[in-house]
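Structural overview
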Amino acid sequence: MLEVKNIKINYGGIEAVRDISFQVPNGKIVTLVGANGAGKSSTLRAIVGLVKTQEGAVTFNDALLTGKRTDEIVKQGITLVPEGRHVFPDQTVLENLKIGAYLRSDDLTEDLEEVYSLFPRLKERSWQAAGTLSGGEQQMLAVGRALMARPTLIMMDEPSLGLAPIVVQEIFNIIKKINARGTTVLLVEQNANMALRIADYAYVIENGRITMQGTGHELLSDEKVRAAYLGTGAGK
């Protein structure tokens, strides 16, 4: 479905992403694991057109995305749930969800009900200002807002960041539900243990390069990965 091929990203002469290539098959959960600053978020932002690539190409369903505007890429069926959630705090929950569908002109009723079925708390708080929600509820709203664009691929950047463990578990359960309903997921996550447990396939990014890849189970069992990202195994 998605192919990232040999992309490079520079920020003011500093190379953030160095010749990264990977694929995201249709209907799967793929995760990018790595330390903070490894280049994971930059990669997602490049896919959706928020960051320019110096080299390489991104294709989605065989269509070239490189050089397209973000709104054009969203129309192709890709949405991004950004790190830090970035909800509109003064707008209501419902208004935030409708913002996610800004490129659509059809009826939103069915999609709103779909989002509310995933996140019942959002329905309960639909007229509440988004800025008054808890961190976990804001994360749910950010995911729901992205789903309102009817993506075939949803990308999530650090969805568990800053959340309590019980909420983290809930967020990962929801990611699995979204995938089970037919949406492909590309996940960037520092919580490698949780990410690898739900991933069909995973890539480890270090210093802007992919250094390891395999199924989620394979990397979860790898001693180097366990030592570096799970706090167990060799070196502990």
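These lines cover the structure that appears in this document, whether it is placed above or below. (Residues numbered from 1 in each chain as written. Predicted model: local features only at pLDDT ≥ 70, side-chain atom pairs only at ≥ 80, totals over all residues. Heavy atoms only, no water.)

Section: the sheet that holds strand S8 (residues 184–188)
Taken in spatial order, the 6 strands of this open sheet run S6-S7-S8-S3-S9-S10, and their pairing is mixed. Strands with a single pairing partner mark the edges of an open sheet, and in this sheet they are strand S6 (78–81) and strand S10 (209–214). Averaged over all adjacent pairs, the angle separating strand axes in this sheet is 20°, with direction ignored. Pairing geometry for strand S3 (residues 29–33) and strand S9 (residues 201–206), over 4 bridges, is parallel. Each bridged residue has a counterpart across the sheet, and for Val-30 the counterpart in S9 is Tyr-201. On the sheet, helix H7 (residues 165–180) packs against S3, strand S7 (153–157) and S8 and is oriented at approximately 150° with respect to S8. Here helix H10 (residues 223–230) sits on the sheet and contacts S3, S9 and S10; the angle it forms with S9, its principal contact strand, is near 65°. (Pairing = 2+ DSSP bridges. Helix = DSSP H or I, 4+ residues; strand = E, 2+ residues; numbered from the N terminus. Axes fitted to C-alpha atoms, helices over the stretch in contact; angles between N-to-C directions. Contact = heavy atoms within 4.5 Å.)

A closer look at the environment of Leu-2
Of note, Leu-2 is situated in strand S1 (residues 2–11). A residue is classified by how much of its surface remains accessible, and Leu-2, at 2% relative accessible area, is buried. (Buried < 20%, exposed > 50% of the residue type's maximum accessible area, 1.4 Å probe, protein only.)

Considering the environment of Asp-71
Within the secondary structure, Asp-71 sits in helix H2 (residues 70–76). Sequence separation between Asp-71 and Arg-209 is 138 residues; the distance between their C-alpha atoms is 28 Å. What Asp-71 contacts, discounting residues up to four positions off in sequence, is Tyr-102 and Leu-103. A polar side-chain atom of Asp-71 sits 3.0 Å from a polar atom in the side chain of Arg-69. (Polar contact = N/O pair within 3.5 Å; in protein donor to acceptor, adjacent residues only side chain to side chain.)

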